[in-house]
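Close look at the chain arrangement
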Amino acid sequence: AQSVTQLGSHVSVSEGALVLLRCNYSSSVPPYLFWYVQYPNQGLQLLLKYTSAATLVKGINGFEAEFKKSETSFHLTKPSAHMSDAAEYFCAVMQGGSEKLVFGKGTKLTVNP
Amino acid sequence: DTGVSQNPRHKITKRGQNVTFRCDPISEHNRLYWYRQTLGQGPEFLTYFQNEAQLEKSRLLSDRFSAERPKGSFSTLEIQRTEQGDSAMYLCASSNTGGTTGGQFFGPGTRLTVL
C-alpha cells in the first residue's frame, strides 16, 4: 500500500530564509505526487504536482519540488519565506489506476519576522 | 468559476442523530471526491464519483455512511446514527481531467462535531 511520510510536524523559519519541507513516499512504481497547502479554516489548495514529466516541478507562490526516484523523495522548497507562507503543508501520492489521494500527516510552517 | 462549495460549514449534532452534507463541485467537473480529516492528520479518502457512478469506496466508509451524486452534479454525504468518533472535517474535491493530471480542487469543508 502506498504511504507518505512527512518529516517534521512543525518547521519554523525566519522571514527571507529557505523553506524546506520533506516528503518521502512508499510505492512500488513511480506514483503521481502532489503538494497542497491549507490555511486556517480553509480547504486545501494545490501548490504543485509531479506527473512523470520534468523532475523539477514549479508551483504557485514561488514553491518548487524535485522528484528523486532513487531517494523516493519529493521535497518542497522555496528560496525566501514570506509571512504569508505560514500554513500547513500536505504531501500526497496517487497511484496510477486509482483516483485516491493518500496524504501525509502534514507539516505546519511558521514564519518568524 | 466559483470553486467547490460545501454546506453547511459547521454542524453540531447529538450522538445517534443523522446528518447530511452537500457538496457542489466546480461546474463541468465530472469527478467528485469525499475525504475526512481529523485533528493533526492529513485527509483520508472516503469515496469517488465519476459522473453519477460511485467508482471507489474506502473501507472507512462503513455502512452508516452513504454518498450519492444524482445526475452527476452535486453530491451528498449522509452519516446515520452518528458517533463521537465521526467528529471531523469532511472535505469535498472535484476534478475534470482525472486526478493524476489535473489535480483535485478542494472545498472549504464541513466541520462536524458529535456531542
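To start, this report covers the structure provided alongside it. (Residues numbered from 1 in each chain as written. Chains lettered and ligands numbered in written order. Predicted model: local features only at pLDDT ≥ 70, side-chain atom pairs only at ≥ 80, totals over all residues. Heavy atoms only, no water.)

1. Observations regarding the overall build of chain B
- Secondary structure summary: chain B contains one helix and 11 strands in total.
- N-terminal to C-terminal, the α/β element order of chain B is β-β-β-β-β-β-β-β-β-α-β-β.
- Expected size for 115 residues packed as a compact globule is a radius of gyration near 13 Å; at 13 Å, chain B falls within 12% of this value.
- Viewed in the frame of its principal axes, chain B has a C-alpha envelope of about 40 × 25 × 20 Å.
- Scored against the burial criterion, the 115 residues of chain B give a buried share of 50%.
- Of the contacts made within chain B by residues no fewer than 6 positions apart, 54% connect residues no fewer than 24 positions apart. (Helix = DSSP H or I, 4+ residues; strand = E, 2+ residues; numbered from the N terminus. Rg over C-alpha atoms; globule rule 2.2 N^0.38 Å. Buried < 20%, exposed > 50% of the residue type's maximum accessible area, 1.4 Å probe, protein only. Contact = heavy atoms within 4.5 Å.)

2. Concerning unusual backbone geometry
Residues and elements named next belong to chain B.
- Along the chain, Asn7 connects to Pro8 via a cis peptide bond; the corresponding omega equals -10 degrees.
- By secondary structure assignment, the location of Pro8 is in the loop between strand E1 (5-7) and strand E2 (10-13).
- Positioned with a positive phi, Asn51 is a non-glycine residue whose angle comes to about 55 degrees.
- Note that Asn51 resides in the loop between strand E5 (44-50) and strand E6 (53-57).
- Relative accessible area serves as the criterion here: at 35%, Asn51 is assigned to the partly exposed category.
- Look at Lys71: it is not a glycine, yet its phi comes out positive at around 65 degrees.

3. Comments concerning the interface of chain A and chain B
- The interface of chain A with chain B comprises 20 residues on the first partner and 23 residues on the second.
- For the pair chain A and chain B, the summed buried surface comes to about 1,700 Å²; carbon and sulfur atoms form 56% of the total.
- At the boundary of chain A with chain B, the tally comes to one salt bridge.
- At the boundary of chain A with chain B, the tally comes to seven residue pairs in polar contact (both at pLDDT 80 or more).
- Elements supplying a minimum of two residues to the side of chain A that touches chain B: strand E4 (32-38), strand E5 (44-50) and strand E9 (87-94) of chain A. (Buried area = accessible area lost by both parts, 1.4 Å probe. Salt bridge = Lys/Arg side-chain N within 4 Å of Asp/Glu carboxyl O. Polar contact = N/O pair within 3.5 Å; in protein donor to acceptor, adjacent residues only side chain to side chain.)

4. Observations regarding the state of the cysteines
- This model, assessed by the stated rule, comprises two disulfides over all chains.
- Across a sulfur-sulfur distance of 2.0 Å, Cys23 of chain A and Cys91 of chain A are joined as a disulfide pair. Disulfide Cys23 of chain A-Cys91 of chain A: torsion about the S-S bond near -65 degrees, hence left-handed. In this pair, Cys23 of chain A is assigned in strand E3 (residues 19-26) and Cys91 of chain A in strand E9, connecting sequence segments 68 residues apart. Accessibility classification places Cys23 of chain A together with Cys91 of chain A in one group, the buried group.
- Covalent S-S linkage joins Cys23 of chain B and Cys92 of chain B, the inter-sulfur distance amounting to 1.8 Å. On the sign convention where negative means left-handed, the S-S torsion of about -70 degrees between Cys23 of chain B and Cys92 of chain B marks this disulfide as left-handed. Here Cys92 of chain B lies in strand E9 (residues 88-95) and Cys23 of chain B lies in strand E3 (residues 19-24), a separation of 69 residues in the sequence.
- A residue is classified by how much of its surface remains accessible, and Cys23 of chain B, at 0% relative accessible area, is buried.
- For Cys92 of chain B, a relative accessible area of 0% puts it in the buried group. (Disulfide = S-S within 2.5 Å.)

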